[in-house]
Amino acid sequence: MTEHPLISTNNLTVSFPLGKNLFGPRQYIHAVAGITLDIPRGSFFGLVGESGSGKTTYGRALLKAVPISDGHVKYNDDEVSYDLAEITKPELKDYRKRAQLIFQDPYAALSPRMTVRDIIAEPLELMGLTSSREETDEKVRAIAAKCRLNLEHLRRFPHAFSGGQRQRISIARALVSNPKFVVADESVAALDVSIQADVLNLLKELQQELGLTYLFISHDLSVVAHICDQVAVMYLGRLVETAPTRELFGGPKHPYTRALLSAIPSLDPDHVSMAQKLEGEIPSPASPPPGCKFHTRCPYATDVCKKEEPVLEHISDAHTISCHRWQELDFSESA
Ligand code: SF4
């Protein structure tokens, strides 16, 4: 992996307006609130957090699939460099080839009325990436083979396939335009555990073969631990901790990260769980609490936590954290 980031976000903010308020200023939901993060080239970068943490909106913003309210998203490969906050229409058309999404639900993502060949070919035709049917077919066959689909599969309709096979079709469709960056949003969540491993291994193989960089969004930390090399943890639209996977799972520093990790079930029947139960619900992004956004659920919150929002600071080159008390808290005994 090189040090050079493929994607850099700087103070990225994505806000959605709520209905009009007759008696005051218009309210906004800040789904992503000022995220600064680098995604290195060639990385399998995990993004975790509960539902409502903003991780899906962050992923969509990197694809320019939601409007960017503030800040910047810089994309930089060997050929082009774009700032998605200022991208022009022709540049966006080109960016669509370079950045793709693998959907969560392989059952809903594929049109039941199209053959597998037409499903995979559609992005090539929409983006004008081939000049003849023969060329399209050649590209479809090539990516299908890489995704372990055979020629016979291409003639069939999606209903003839299992969940794992359908997800391989979705992956082939996402990769047929030869992207460099792929957002995989809960891409194995709808699959049985035995099938998950097969699809994860395929994603890893394709990463090596095609030089891909992934943003892997998941609520399943055991999957993230298995596949990702770096992890960022989000809470209420903000980053709370980022680190190399081993470092994060070996010694979480933020109370929220620690609570998420301690909730991973153990296969060891003699394991005595020291799980820190995460009480309550994540607050609404329409009315986030003052100070540290996690203070309403954090067992270590003090007065300063309720008043001042902590900034994201570097513990080491690759490890960042946003907590007033991280230096005092020691989770090593209870991990
Ligand atoms: Fe908990 Fe305070 Fe740290 Fe927030 S800043 S995570 S409330 S200890």
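Residues numbered from 1 in each chain as written. Predicted model: local features only at pLDDT ≥ 70, side-chain atom pairs only at ≥ 80, totals over all residues. Heavy atoms only, no water.

Draft legend 1. Broad picture of the sheet that holds strand E4 (residues 70-76). Reading across from one edge, E2-E1-E4-E5 is the order of the 4 strands in this open sheet, with antiparallel pairing throughout. Looking at strand neighbours, the two that pair on one side only are strand E2 (28-40) and strand E5 (81-83), the edges of this open sheet. Neighbour to neighbour, the strand axes of the sheet diverge by 15° on average, direction disregarded. Sheet topology places E4 next to E5; 3 bridges connect them, and they run antiparallel. By the bridge assignment, tyrosine 75 is partnered in E5 with tyrosine 82. With respect to the sheet, helix H1 (residues 55-62) is in contact with strand E1 (5-17), E2 and E4, its orientation differing from that of E1 by roughly 120°. (Pairing = 2+ DSSP bridges. Helix = DSSP H or I, 4+ residues; strand = E, 2+ residues; numbered from the N terminus. Axes fitted to C-alpha atoms, helices over the stretch in contact; angles between N-to-C directions. Contact = heavy atoms within 4.5 Å.)

Draft legend 2. Structural detail: the environment of proline 252. The topology assignment puts proline 252 in the loop between helix H9 (245-250) and helix H10 (255-262). Residues proline 252 and tryptophan 326 lie 74 residues apart in sequence; the distance between their C-alpha atoms is 9.8 Å. Beyond its immediate stretch of four places on either side in the chain, proline 252 contacts Glu241, Glu247, Thr257, Arg258, Leu261 and Phe331.

Draft legend 3. Region of interest: the side chain of threonine 242. Relative to the elements of secondary structure, threonine 242 occurs in strand E10 (residues 238-244). Assessed through its relative accessible area of 8%, threonine 242 is described here as buried. A polar contact is formed between the side chain of threonine 242 and the side chain of threonine 320, at a distance of 2.5 Å. Threonine 242 has contacts with Leu37, Val231, Ala232, Ala318, His319 and Thr320, leaving out every residue within four places of it along the chain. (Buried < 20%, exposed > 50% of the residue type's maximum accessible area, 1.4 Å probe, protein only. Polar contact = N/O pair within 3.5 Å; in protein donor to acceptor, adjacent residues only side chain to side chain.)

Draft legend 4. Region of the structure containing the environment of glutamine 100. Within the fold, glutamine 100 resides in strand E6 (residues 99-102). Sequence separation between glutamine 100 and alanine 318 is 218 residues, and the spatial gap between their C-alpha atoms is 26 Å. Not counting the four nearest positions on each side in its chain, glutamine 100 is found in contact with Leu63, Met127, Ala174, Ser177, Pro179, Phe181, Val182 and Val183. Engagement of the side chain of glutamine 100 in a polar contact is seen with the backbone oxygen of arginine 96, the distance being 2.8 Å.

Draft legend 5. Looking closely at the state of the cysteines. In this structure the tally under the stated criterion is 0 disulfides. With no disulfide of its own, cysteine 228 has cysteine 147 as its nearest cysteine by sulfur position, at a separation of 19 Å. (Disulfide = S-S within 2.5 Å.)

Draft legend 6. Main features of unusual backbone geometry. Of note in the backbone geometry, arginine 148 takes a positive phi value of approximately 60° without being a glycine. Along the polypeptide, arginine 148 turns up in the loop between helix H4 (133-146) and helix H5 (151-154). Unusually for a residue other than glycine, asparagine 178 sits at a positive phi of about 65°.

Draft legend 7. Representation of the packing of helix H3 (residues 116-126) against helix H6 (residues 163-175) in the model. Orientation of H3 relative to H6, taken along the N-to-C sense of each, is 30°, at an axis distance of 7 Å. Between H3 and H6, the angle falls in the class roughly parallel. Crossing of H3 over H6 shows right-handed handedness. The residues of H6 that touch H3, namely those facing Val116, Ile119, Ile120, Glu122 and Pro123, are Ile169, Ala172 and Arg173. Grouping the amino acids of the contact of H3 with H6 by side-chain chemistry returns 6 nonpolar, no polar and 2 charged. (Parallel < 35°, antiparallel > 145°, perpendicular 65-115°, else oblique. Left-handed = near helix turned anticlockwise from the far one by under 90°. Nonpolar A, V, L, I, M, F, W, Y, C, P; charged D, E, K, R; others polar.)

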